[in-house]
Amino acid sequence: MTQDINLYDYDLPEGMIALYPAEPRDSSRLMFLPKDAGDLRHRRFKDFPDYFRDGDLLVLNDSRVFPARLYGKKKGTGGKVEIFLLDKLDGDSWEALVRPGRRLPPGTEIEFCEHFSATLGERTESGGRIVDFHNNGDLMPLIWKHGEVPLPPYIAREPEEDDKARYQTIYAENTGAVAAPTAGFHFTDTIFKQLKQKGVETTRLTLHPGLGTFRPITKTDISQHRMHPEKYSISEDSAYRINKAKSEKRRVIAVGTTSARALESSCDSGGMVVSAMERSTDLFINPPYEYKVVDGLLTNFHLPKSTLLLLVSALARRERVLAAYNEAIKEGYRFYSYGDAMLIL
């Protein structure tokens, strides 16, 4: 089935992209969009527990963003070099994007500070470079000290030290993401307490969003787009909780598009069983995809013609979602990673 990506376009006025998160986190706005029929409602995230009932299961992505962008100097010349860490390899080696990569041959040494340097290796099949770090002690503390949080390109400001904490969910645990699972930004301890009091269960999985999160769809025909693989893992306990909820006809709500992708990637062909696993997924969810595990979704507002907007449209129909986006623009919602939220249920 051929679909034109231009059907998923909309105009976002300048100034509606959030540059900073709401404070406190649960003061952000929340649009409630009934999945199949009914009028949308404008609320605050503090009202989020109102839409849940005893037995509902929320699935959270506990991925933790690390400051993956490092700036160093080429040994000998002092030329500035940017290294964007992507995937950890063996030992202290990483696959990374390097700028200006074409002018830096293998063997080039990059210095970040005293006792912290790296040597550039060969190019990888995906267009990156192998980077071998040299340091005294553990590498990750040095990355946290000297690296910058890789804010999305549409957040038009310089990263700040506070972004290392606020560009995270409060339940972030497993380090490995270069982009945050932003739907979880709105949660506070108070929200979780209220959900628990209502009998709402929570469980976790891990999917590390990568640069593919921001990769645009360049083909007019949506079916020609290929997703960049992302690693995810689901524990035995989480798989058990999810399968039990589905077998008992209880609602499973994904917190974020990353949770939704992991859940849909992990189920069998009949959609009846979610398996505990650790693997990569390149699943591209777009209409007319039929969800097998996910009954509802908490998400932020996404870029026009993006894979994330298509994922949302597969749950609530393109026309309905775009009408909701136009209403959000009219009502002055804040868009994208640090912006407001939408609950589809």
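Residues numbered from 1 in each chain as written. Predicted model: local features only at pLDDT ≥ 70, side-chain atom pairs only at ≥ 80, totals over all residues. Heavy atoms only, no water.

Let's shift gears to the packing of aromatic side chains. By the definition in use, this model includes 24 aromatic pairs. Taken together, a centroid distance of 5.2 Å and an interplanar angle of 70° make the contact between Phe301 and Tyr325 edge-to-face. Taken as a pair, Phe301 in the loop between strand E16 (296–300) and helix H6 (307–316) and Tyr325 in helix H7 (residues 318–330) lie far apart in primary sequence, 24 residues in all. Overall, Tyr325 belongs to the buried group, its relative accessible area being 0%. For the pair Phe335 and Tyr336, a centre-to-centre distance of 6.1 Å together with 85° between the ring planes defines the contact as edge-to-face. With a relative accessible area of 0%, Phe335 lands in the buried category. Each member of the aromatic cluster is reached from another via a ring pair, and the members are Tyr10, Tyr154, Phe301, Tyr325, Tyr333, Phe335 and Tyr336. In this arrangement the basic side chain of Arg157 is found over the ring face of Tyr20, its NZ or CZ atom lying 4.0 Å from the centre. (Phe/Tyr/Trp six-rings, centres within 6.5 Å; stacked < 30°, edge-to-face > 60°. Helix = DSSP H or I, 4+ residues; strand = E, 2+ residues; numbered from the N terminus. Buried < 20%, exposed > 50% of the residue type's maximum accessible area, 1.4 Å probe, protein only. Lys NZ or Arg CZ within 6 Å of the ring centre and 35° of its normal.)

Before going further, it helps to spend a moment on helix H4 (residues 236–247). The α-helix winds at 3.6 residues per turn, so residues separated by three or four positions along the chain end up facing the same way. End to end, H4 covers 16 Å across 12 residues, agreeing with the expected 16 Å (1.5 Å per residue, within 8%). Those residues of H4 not exposed but buried are Ser238, Ala239, Ile242, Asn243 and Ala245. Down the axis, H4 shows its buried residues gathered within 160° of arc, on one side only. For H4, the exposed residues lying more than 90 degrees away from the buried face are Glu236, Tyr240 and Ser247. The secondary structure elements touched by the buried residues of H4 are strand E3 (57–61), strand E12 (201–207), strand E13 (230–234), strand E14 (252–255) and helix H5 (257–266). In the segment just after H4, Lys249 is the residue with positive phi, at about 60°. (Expected span 1.5 Å × (residues − 1). Arc of directions from axis to C-beta. Contact = heavy atoms within 4.5 Å.)

Per the counting criterion, the structure on display carries 1 cavity of 30 Å³ or more. In this structure, the largest cavity occupies an estimated 80 Å³ of space. Lining of the largest cavity is provided by Pro21, Ala22, Glu23, Arg25, Ser28, Arg166, Phe185, His186, Arg334, Ser337, Tyr338 and Gly339. Its residues placed into classes, the lining of the largest cavity shows 4 nonpolar, 4 polar and 4 charged. (1 Å grid on protein atoms, 1.4 Å probe; cavity = no way out; pocket = protein on both sides within 12 Å on 5 of 7 lines; lining within 4 Å. Points joined across faces, edges and corners; volume = space filled by probe spheres on them. Nonpolar A, V, L, I, M, F, W, Y, C, P; charged D, E, K, R; others polar.)

As summarised here, the arrangement of the 9 strands in space is E2-E1-E17-E16-E14-E3-E12-E13-E15, forming an open sheet in which the pairing is mixed. On the outer flanks of this sheet lie strand E2 (41–44) and strand E15 (277–281), each paired with one strand and no other. On average, each strand axis in the sheet is inclined to that of its neighbour by 25°, with strand direction left out of account. In terms of strand pairing, E13 meets E15 through 5 bridges, oriented antiparallel. Bridge assignment links Tyr232 to a residue of E15, and that residue is Arg279. Across the sheet, H5 lies against E3, E12, E13, E14, E15 and E16, angled at about 70° from E13, the strand it touches most. (Pairing = 2+ DSSP bridges. Axes fitted to C-alpha atoms, helices over the stretch in contact; angles between N-to-C directions.)

The next point concerns the pairing of strand E6 (residues 80–88). The pairing of strand E5 (residues 69–74) with E6 spans 5 bridges and is classified as antiparallel. Looking at E6, one finds that Gly72 is bridged to Val81. Hairpin connection of E6 to strand E7 (residues 93–99): 4 residues between the antiparallel strands, including Gly91 at a positive phi of 60°.

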